[in-house]
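Each chain is listed here by its residues.
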Amino acid sequence: MPTVPLPDDLRAALADRLRSTAPTSASAQVERLMDSYRGPTPTAAPVLRDAADVAAYAAYRMPATYAAVRTALDAFRLQSADWAPRTHLDLGGGTGAATWAVADTWPDAGHTTTVLDWSQPALDLGADLARAARTAAVRTADWQRRPLGAASALPAADLVTISYVLGELTPADRESLVGAAVAATQGAVVVVEPGTPEGYARVLAARDRLVAAGLHVLAPCPHDGPCPVTGADWCHFAARVQRTALHRQVKGATLPYEDEKFSYVAAAHFPAEPAEGRVVRHPQIRKGLVLLDLCVTPPGLEKATVSKRHGTLYRAARDTEWGDAWPPPA
């Protein structure tokens, strides 16, 4: 699985900002945060309540959030051709992981970003980190505190990202926020959540709302029809994350990486073609064979066997990763 590296300027900014963070004290904060982010219970207040919470989140979760959002945006960009956002609205952006990911996905777009979140400590850290960014879109981002529940009218934007925040909201507030995001853009909406059954359910509900509003799903799904993943299964993908030294200390880990599981949907108002199919499991490589689990059109799941007799397609299959489009783009 390819590693999604943090941008050098973000890595340096995090290291500098968190230099005084004690791994032992951050570990306790991390445990509480993980229960909140991955659990099924919504809250009526921000998960990131104070500076200690925010420091723990930045040390442990921000690299993984960046990697997941960046991977989702890369898949979306492959299907959206030359489209690029001129304005970006980051809902629940907190410390700015999605803001950095959008800037790295479209480095030459010259776009502006507005970050809305209900945690002032998270916004403060996000703005602090952004001052060290090489990219103007991050350095000049506008960081605003605003309640996310019962969302009212939002600033217009070409691209709206909603990442790792729907789990903090009640079902009614989730629907309100996604509806407000749809109303705010004539471009695209990208929603990313943890790759758990609960996270997938939230993404699926957001997907239904986006399709009902007339947007077209470009990734990961190859269609706008009902999701064929049913029963006890759930659709999710993975991004490999480089662990910083503090990250390893906070988690008590030895490996230099971890795999972040996430679910996502990216949908657009503008015309574009989704992938023909999407690899929804780790490809299985056998002697002379590659076995692929695919989501395809019409809505359904199917297995594909690619062998040496397929020539260049076989070589492409050996390099294909979980989450990639299939067949590979030209």
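Residues numbered from 1 in each chain as written. Predicted model: local features only at pLDDT ≥ 70, side-chain atom pairs only at ≥ 80, totals over all residues. Heavy atoms only, no water.

## Focus on the overall build of the chain
Convention followed: Only DSSP runs of H or I reaching four residues or more are called helices, and only runs of E reaching two or more are called strands; each is numbered from the N terminus. Classification of residues uses two cut-offs on accessible area relative to the type maximum, computed with a 1.4 Å probe and protein chains only: under 20% is buried, over 50% is exposed, and between them is partly exposed. Residue contacts follow a heavy-atom distance rule, with two residues in contact if any of their heavy atoms lie within 4.5 Å. Accessible surface area values rest on a Shrake-Rupley calculation with a 1.4 Å probe, where residue burial reflects the displayed protein chains alone.
Within the chain, the regular secondary structure consists of 11 helices and 13 strands. In the chain, buried positions account for 55% of the 330 residues. For the chain, the proportion of contacts with a sequence separation of at least 24, taken over those separated by at least 6, is 74%. As displayed, the chain offers around 14000 Å² of accessible surface, 53% of which is attributable to carbon and sulfur atoms.

## Here we look at the packing of helix α1 (residues 8-17) against helix α6 (residues 120-130)
Between two packed helices, the angle of one axis relative to the other and the distance separating the axes together describe the packing. Test applied: Axis definition: a line fitted to C-alpha atoms, over the contacting stretch in the case of helices. Angles run 0 to 180 degrees between N-to-C directions. Convention used here: angles under 35 degrees read as roughly parallel, angles over 145 as roughly antiparallel, angles from 65 to 115 as roughly perpendicular, and any remaining angle as oblique. The crossing is said to be left-handed when, going from far helix to near helix, the turn is anticlockwise and less than a right angle, and right-handed when the turn is clockwise. Gly is put with the polar residues, along with every residue not named as nonpolar or charged; the nonpolar set is Ala, Val, Leu, Ile, Met, Phe, Trp, Tyr, Cys and Pro, and the charged set is Asp, Glu, Lys and Arg.
Across the interface, α1 lies against α6 with an axial gap of 9 Å and an inter-helix angle of 125°. Put simply, α1 runs oblique to α6. Considering how the two elements wind past one another, α1 and α6 form a crossing that is right-handed. Residue-level contacts link Ala13, Leu14 and Arg17 of α1 to Leu125, Asp128 and Leu129 of α6. A breakdown of the residues in the contact of α1 with α6 according to their chemical character gives 4 nonpolar, no polar and 2 charged.

## Side note on the packing of aromatic side chains
The geometry of two aromatic rings is summed up by the distance between their centres and the angle between their planes. To keep it simple, the criterion reads: Aromatic pairing here means that ring centres of Phe, Tyr or Trp (its six-membered ring) are within 6.5 Å. Orientation follows from the plane angle: under 30 degrees is stacked, over 60 is edge-to-face, and everything else is tilted.
Inspection of every chain in the model, using the stated rule, returns 9 aromatic pairs. The interplanar angle of 35° and the centroid separation of 5.8 Å between the aromatic rings of Phe262 and Tyr264 together place this pair among those described as tilted. Summarising the burial analysis for this pair, Phe262 and Tyr264 share the class buried. Ring pairs connect the aromatic residues Phe76, Trp83, Trp106 and Phe270, which therefore count as one cluster.

## As for the nonpolar core
What counts is decided by this rule: Nonpolar cores were defined as sets of buried Ala, Val, Leu, Ile, Met, Phe, Trp, Tyr and Cys residues, with membership established by side-chain atoms within 4.5 Å.
The biggest cluster of nonpolar side chains holds 63 residues, and the ones touching the most others in it are Leu14, Met62, Tyr66, Phe76, Val192, Phe262 and Tyr264. Among the elements that make up this core, the one with the highest residue count is helix α4 (residues 62-79) (10 residues). Discounting residues that sit within four places of it in the chain, Leu14 has contacts with Leu6, Ala58, Met62 and Leu129.

## Details of the side chain of Thr113
Keep this limit in mind: Two N or O atoms count as a polar contact when they lie within 3.5 Å, although within protein this holds only if one can serve as hydrogen donor and the other as acceptor, and sequence-adjacent residues are included solely when both atoms are side-chain atoms.
With respect to the helices and strands, the residue Thr113 is situated in strand β3 (residues 112-117). Reaching out from Thr113, the side chain makes a polar contact with the side chain of His88 at a distance of 3.1 Å. The residues touching Thr113, leaving out its near neighbours within four places in the chain, are His88, Thr99, Ala137, Ala141 and Asp142.

## Some details on the packing of helix α3 (residues 51-60) against α6
For the pair α3 and α6, the least separation of the axes is 8 Å and the interaxial angle reads 50°. Taken together, the axes of α3 and α6 lie oblique to each other. Of the two possible hands of crossing, α3 and α6 adopt the one that is right-handed. Counted together, Ala51, Val54 and Ala58 of α3 and Pro121, Ala122 and Leu125 of α6 form the full contact between these two elements. Taken together, the residues that form the contact of α3 with α6 break down as 6 nonpolar, no polar and no charged.

## Brief notes about the pairing of strand β8 (residues 237-242)
Sheet faces and side chains relate simply in a regular strand, where the side chains alternate between the two faces. Threshold: Two strands pair if DSSP finds at least two bridges between them.
Among the 6 residues in β8, 5 count as buried, and that is most of the element. As defined by bridge partners, strand β1 (residues 3-4) adjoins β8 across 2 bridges and the pair is classed as parallel. Paired with Thr3 across the two strands is Arg240, which belongs to β8. Alignment of β8 against strand β9 (residues 257-268), held across 6 bridges, turns out to be antiparallel. Bridge assignment links Arg240 to a residue of β9, and that residue is Asp259.

## Details of α1
To be explicit about the condition: The arc in question is the one traced by the directions running from the helix axis out to the C-beta atoms.
Of the positions making up α1, those classed as buried are Asp9, Leu10, Ala13 and Leu14. Each buried residue of α1 lies within a common arc of 130° when the element is viewed along its axis, so the set occupies one face. Within α1, the exposed residues directed more than 90 degrees away from the buried face are Asp8 and Asp16. Among the structural elements, α3, α4, α5 (97-105) and α6 are those in contact with the buried residues of α1.

## Looking at the pattern of salt bridges
Worth spelling out the cut-off: We define a salt bridge as a contact between a side-chain nitrogen of Lys or Arg and a carboxyl oxygen of Asp or Glu at a distance within 4 Å.
Applying the stated criterion to the full structure yields 9 salt bridges. With a closest N to O distance of 2.2 Å, Asp233 and Arg281 form a salt bridge. A residue pair is termed long-range when its members are at least 10 positions apart, and Asp233 in the loop between β7 (216-219) and β8 and Arg281 in the loop between β10 (277-279) and β11 (284-286) qualify at 48 residues. Classification of Asp233 by relative accessible area gives partly exposed; the value is 30%. In this structure, Lys303 and Asp293 form a salt bridge, with 2.5 Å as the shortest nitrogen-oxygen distance.

## Some words on the environment of Met1
One can find Met1 in the segment before β1. For Met1, a relative accessible area of 29% gives the class partly exposed. Each C-alpha atom of the pair Met1 and Ala239 lies 7.4 Å from the other, and the pair is 238 residues apart in sequence. Setting aside residues no more than four positions away along its own chain, Met1 makes contact with Ala238, Ala239, Arg240, Asp259, His282, Glu321 and Trp322.

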